[in-house]
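# Coordinates in review
Take a look at the letters that make up each chain.
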Amino acid sequence: MTKGNEPIVKSSCFVCLMIIIVGTIIQFSDESEFAVDKSKRGLTRVPKDLPLKTKVLDMSQNYVSELQVSDVSFLSELKVLRLSHNRIQLLDLSVFKFNQDLEYLDLSHNQLQKISCHPIVSFRHLDLSFNDFKALPICKEFGNLWQLNFLGLSAMKLQRLDLLPVAHLHLSYILLDLRNYYVKENETESLQILNAKTLHLVFHPNSLFSIQVSISVNTLGCLQLTNIKLNDDNCQVFINFLSELTRGPTLLNFTLNHMETTWKCLVRVFQYLWPKPVEYLNIYNLTIIESIHKEYFAYSKTTLKALKIEHITNQVFLYSQTALYTVFSEMNIMMLTISDTPFIHMLCPHAPSTFKFLNFTQNVFTDSIFEKCSTLKSYKSIFVLSPNFVQSEWCHYELYFNTIPNKYHKLRALMTQRTYLEWPKEKSKRGLFWANIRAAFHIKLTLVTESDVKS
């Protein structure tokens, strides 16, 4: 869902997710001595020789096909149980009736088709996603899970009141797997989600987006959609799908993961989101297909503060560079990150803005890059160079043998001030690194003139 690299400005959706993860880590860190890892062992049952004081048990990526009370009843202090990527088809929650401390249960990526309910009040994290349920696996007993933060579900069909039993809960994160979702053509379903800070919907990775379901959420701060496959024909279907989800004033962070689209449709999505209350728009793993032509874009007032596009694959080989360049050049947002891309022109919008963060992670530097990227029109521009790039022969040749070309005298002058920071290998020094980054945002560098350099 989020990348490993720490962004300079963390998105609110990233923070929402980290609250859950960090909370779990903190809670169970003192119990690591009672953690047992039995993942990837080819096991068909839970071993009987586990320590009685086991609190964390990882049984993921095995061949377990069923669970019985005797499998876990002797683990009375169990708090975390990971059973993802197994072969479980039926689950009776009463098998955990002797595990009163169980808070974290991951049954994702199994073959579950049915669950039998049982009163359990201890769960904080319950993941039933990526299974074979026809309807959402919701028990009325889930309404008593007052401490529940994370709920992962799967379904082939949706009904508006499916989530009514948990409507009164204040969930931090709902993951809804719709990879196998199907309705007949011209049929529309609806689903009401009353309280959730983050909603993550996952669609089929190889199918064109065709879902016509109205999902309404009362209070939603973060929205993530994964596996979005679009073309010019179904683009409006996707925009219609977004209409309910983006209606509320509390949606600040919107993330698209694994998106395949035409350039025309991508611009239409940008245009649709432009006047919405979204402040942070993130796109990871973007593939552009078919053709790229100049598209009209109306730059009306927007609340968007940051646009991040990371890892772009281009399947269009003949296109107008201006078509790409124009859309981004007039965006009046505070922060723009476009990284890991073959599009140099997408990396270099030339209109002034409050702040542009350009992250270069490929060997995209050419003699014209400093001309294309009008860095002096931005208040601050940051170049992030990966170790692989810095250590490459080309970079070594340019920087150490030829130095920076003379015609870029202002850039050469800035480099004499050591206006760069190195990522420290020692974790103890990384706090200082980020402090220096933050300080750099608020200071005005004094430009050394060419004559000063020569003297």
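Here we summarise the structure given alongside this text. Only a predicted model underlies this, so the values are computations on that prediction, with no experimental measurement involved. Starting afresh in each chain, residues are numbered from 1 along the sequence in its written order. Selection of residues for local features in this predicted model requires a pLDDT of at least 70, selection of side-chain atom pairs for listing and counting requires 80 or more, and totals for whole chains, interfaces and linings are taken over all residues. As a rule here, side-chain values cover all heavy atoms of the structure and leave hydrogens and water aside.

Of the two site types, the cavity is a set of points on a 1 Å grid over the protein atoms alone where a 1.4 Å probe fits but cannot get out, and the pocket is an open set with protein on both sides within 12 Å along at least five of seven lines, each lined by residues with an atom within 4 Å of a point. Grid points are joined across faces, edges and corners, and a volume is the space filled by probe spheres set on the points. Within this structure, the stated rule accounts for five cavities of 30 Å³ or more. When its volume is computed, the second largest cavity comes out at roughly 70 Å³. Considering the residues around the second largest cavity, the lining is formed by Phe 270, Leu 273, Trp 274, Val 278, Leu 281, Thr 302, Leu 304, Leu 307 and Met 331. Of the residues assigned to the lining of the second largest cavity, the class counts are eight nonpolar, one polar and no charged. Here the term charged refers only to Asp, Glu, Lys and Arg, the term nonpolar to Ala, Val, Leu, Ile, Met, Phe, Trp, Tyr, Cys and Pro, and the term polar to all other amino acids, Gly among them.

The next subject is the state of the cysteines. What we call a disulfide is simply a covalent bond connecting the sulfur atoms of a pair of cysteines. By definition, disulfides here are pairs of cysteine sulfur atoms that lie within 2.5 Å. Evaluation of the coordinates by the stated rule reveals two disulfides. What pairs with Cys 117 in a disulfide is Cys 139, and their sulfur atoms sit 1.8 Å apart. Between Cys 117 and Cys 139, the S-S dihedral sits near -80°, and the bridge is therefore left-handed. Separated by 22 residues along the polypeptide, Cys 117 in the loop between strand S6 (114-116) and strand S7 (125-127) and Cys 139 in the loop between S7 and strand S8 (150-154) bring together distant segments of the chain. The partly exposed category is assigned to Cys 117, whose relative accessible area is 34%. Each helix is a run of H or I in the DSSP string that is no shorter than four residues. Each strand is a run of E no shorter than two, and both are numbered from the N terminus. Buried residues are those whose accessible area, probed at 1.4 Å on protein chains only, stays under 20% of the maximum for their type, while exposed residues exceed 50% and partly exposed ones sit between those limits.

Next up on the list: the side chain of Thr 54. Mapped onto the elements of the fold, Thr 54 is located in the loop between strand S1 (35-37) and strand S2 (56-58). Residue class for Thr 54 comes out buried when judged on its relative accessible area of 1%. Under the rule applied, a polar contact is a pair of N or O atoms within 3.5 Å (in protein, one hydrogen donor and one hydrogen acceptor; residues adjacent in sequence only if both atoms are side-chain atoms). For Thr 54, the side chain forms a polar contact with the main-chain oxygen of Pro 51, separated by 2.7 Å. What Thr 54 contacts, discounting residues up to four positions off in sequence, is Phe 34, Val 36, Leu 75, Glu 77 and Leu 78. Contacts are residue-level and defined by heavy atoms, with any inter-residue pair within 4.5 Å sufficient.

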